[in-house]
Structure formats: C-alpha cells, structure tokens
Amino acid sequence: MTKERKEFFEWLKAIALAVIIAVIIRQFLFSTVVVDGESMLPALNPFDRMIVNKAGFSLSGPERFQIVVFHASQDEDYIKRIIGLPGDSIEYKRDQLYINGRPAAEPYLEEYKKRLIDPPLTENFSLEEVTGRKRVPEGHVFVMGDNRRISKDSRHIGTVPVAEILGEAKIVYWPLPDMRIVK
C-alpha cells in the first residue's frame, strides 16, 4: 500500500469514529432545541437555542420546577416547566400555586408578576377541573409554561408521561449575548 493510500484510510477511520461518537452523544447524552413561541417568557425567549441534557434527566428523573422538553405529539416537542409530580394535587387560587394544599413559591415568576398591568398571570383552576383527576397519576407530570396566559400546557393537553420527556433544558447557548443557565 502506498503512503498516500494509508494516510487516506487513517483519515477515513478518524472521520468515521468522530461521526459515531457524535451520533452517540446526540442520541443518548445531549441534544439541542430551539424555543418556538412565547410560552416560556420571561425565562426563555423565542428562538433561544438550548442544550437538552438527556443523560442527567434519565438518571435523576423529574424534579419540580425543572424546564423539560417532551413529545407533545408525534410531530411536535414542547418546552415547559414541571409543576406537579406523581401523586401531587395542584391548584391555583388568586395567582398562588398550591401543591398538596400548601402554598408553593414560584420565584422565577415574581418579577414577571410585578410587571403585569392586569393580573392575574394564572387563572384559578384545580387539577381535577382540567384533567378530571385529583392527583397527578404515577409515571406522569403536570407541566406549565411560565407565560401562563398563552401557554398550551397540561391545562390543555393533560398530564405528560415521564417516558415522553426527552430531557432537561437548562443552558441557553445562542444567541451568544444571551448565553446563560436558566433557573
């Protein structure tokens, strides 16, 4: 074999290995998502590009107030915040979240609520009124967008099976001036 041919095959092997590693990382560890719409304002802006951590989510499972990406349908993925975990009862009264009958703080909404001209941000509802169930079923979560007035979330689509969650979205990487870790 000539030296040029050997070098060509070495390059070919290196490129093939890089492609295989990239596919494995994208399939099992990390993915990307583009925020489509305003349902997660003010935490996320339309067209923010985010890294979705698949591996970390599958190890830890759902946590309250995590921002997750999930399959809403065969053709569409949504990005929302987990509000209710399996076994929780959820209720909103006078713009206050109640989980299992106790008030729960939502610090990520405080500034947004202060800027509202015509409160409330979240209309009154109970889990039972919107889903017909008193508690979030096992293996499911209740999700909501931060921009409650326009978000299509568990109030409309029902609880989300944990198996449909792709991962946690926590890092905005684009646009560069807006790069940040989202809380």
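Use the structure listed above.
Residues numbered from 1 in each chain as written. Predicted model: local features only at pLDDT ≥ 70, side-chain atom pairs only at ≥ 80, totals over all residues. Heavy atoms only, no water.

So, about the overall build of the protein. Secondary structure summary: the protein contains five helices and twelve strands in total. The C-alpha radius of gyration computed for the protein amounts to 21 Å, which surpasses the reference 16 Å derived for 183 residues by more than 25%, pointing to a less compact arrangement than a globule. Dimensions of the protein, computed from C-alpha atoms along their principal axes, come out at roughly 80 × 35 × 25 Å. Contacts in the protein between residues far apart in sequence, at least 24 positions, make up 58% of those at least 6 positions apart. Entry remark: accessible area of the protein is about 11300 Å², with carbon and sulfur atoms responsible for 57%. When the 26 positive and 26 negative side-chain charges of the protein are each reduced to one mean point, those points stand 4 Å apart. (Helix = DSSP H or I, 4+ residues; strand = E, 2+ residues; numbered from the N terminus. Rg over C-alpha atoms; globule rule 2.2 N^0.38 Å. Contact = heavy atoms within 4.5 Å. Areas by Shrake-Rupley, 256 points an atom, 1.4 Å probe, with all protein chains shown as cover. Lys, Arg positive; Asp, Glu negative; His and termini not counted. Charge placed at Lys NZ, Arg CZ, Asp CG, Glu CD.)

This next bit is on the packing of aromatic side chains. One pass over the structure, following the stated rule, counts five aromatic pairs. One cation-aromatic arrangement involves R81 over Y108; the distance from NZ or CZ to the ring centre is 3.6 Å. Residue placement shows K93 over the ring face of Y98; its charged tip is 5.2 Å from the ring centre. (Phe/Tyr/Trp six-rings, centres within 6.5 Å; stacked < 30°, edge-to-face > 60°. Lys NZ or Arg CZ within 6 Å of the ring centre and 35° of its normal.)

For the rest of this paragraph, the subject is the environment of H156. One can find H156 in helix α5 (residues 154–157). In the structure, H156 is positioned 135 residues away from I21 in sequence and 39 Å away in space, judged by C-alpha atoms.

Right, let's get into the nonpolar core. Judged by nonpolar contacts, the single largest core of 16 residues is most densely connected at I83, I90, L97, F125, F142 and M144. Secondary structure elements with two or more residues in this core: β5 (90–93), β6 (96–99) and β9 (140–144). If we skip the residues at most four places from it in the chain, I90 touches I83, G84, L97, Y98, I99, F125, S126, L127, V136 and F142. If you look at the next biggest cluster of nonpolar residues, it comprises 13 residues, including M40, L44, V69 and A169. (Core = buried A, V, L, I, M, F, W, Y, C linked by side-chain atoms within 4.5 Å. Buried < 20%, exposed > 50% of the residue type's maximum accessible area, 1.4 Å probe, protein only.)

What follows covers unusual backbone geometry. With an omega of 5°, the peptide bond running from L41 to P42 counts as cis. Relative to the helices and strands, P42 is located in the loop between β1 (30–34) and β2 (49–53). Put simply, W174 and P175 share a cis peptide bond, and its omega is 5°. You can see P175 is positioned in the loop between β11 (165–174) and β12 (180–181).

Pairs can form between side chains of opposite charge whenever their charged atoms are close. What the rule picks out here adds up to eight salt bridges. Between D48 and R180 there is a salt bridge, with its nearest N and O atoms 3.1 Å apart. With D48 in the loop between β1 and β2 and R180 in strand β12, this residue pair connects regions lying 132 residues apart in the sequence. Residue classification places D48 among the buried residues on the basis of a relative accessible area of 2%. With relative accessibility at 26%, the residue R180 sits in the partly exposed group. Residues R64 and D88 are paired through a salt bridge, measuring 2.5 Å at the closest nitrogen-oxygen approach. Of the two residues, R64 is situated in the loop between α2 (54–60) and β3 (67–71) and D88 in the loop between β4 (77–84) and β5; the sequence distance between them amounts to 24 residues. (Salt bridge = Lys/Arg side-chain N within 4 Å of Asp/Glu carboxyl O.)

Now for the sheet that holds β6. If you trace the four strands from one edge of the open sheet to the other, you get β7-β6-β5-β8, paired in antiparallel fashion. The sheet is open, and its two borders are formed by β7 (102–104) and β8 (125–126), each paired with just one other strand. One ladder, built from two bridges, connects β5 with β8; its direction is antiparallel. Counted as the bridge partner of E91 is S126 from β8. (Pairing = 2+ DSSP bridges.)

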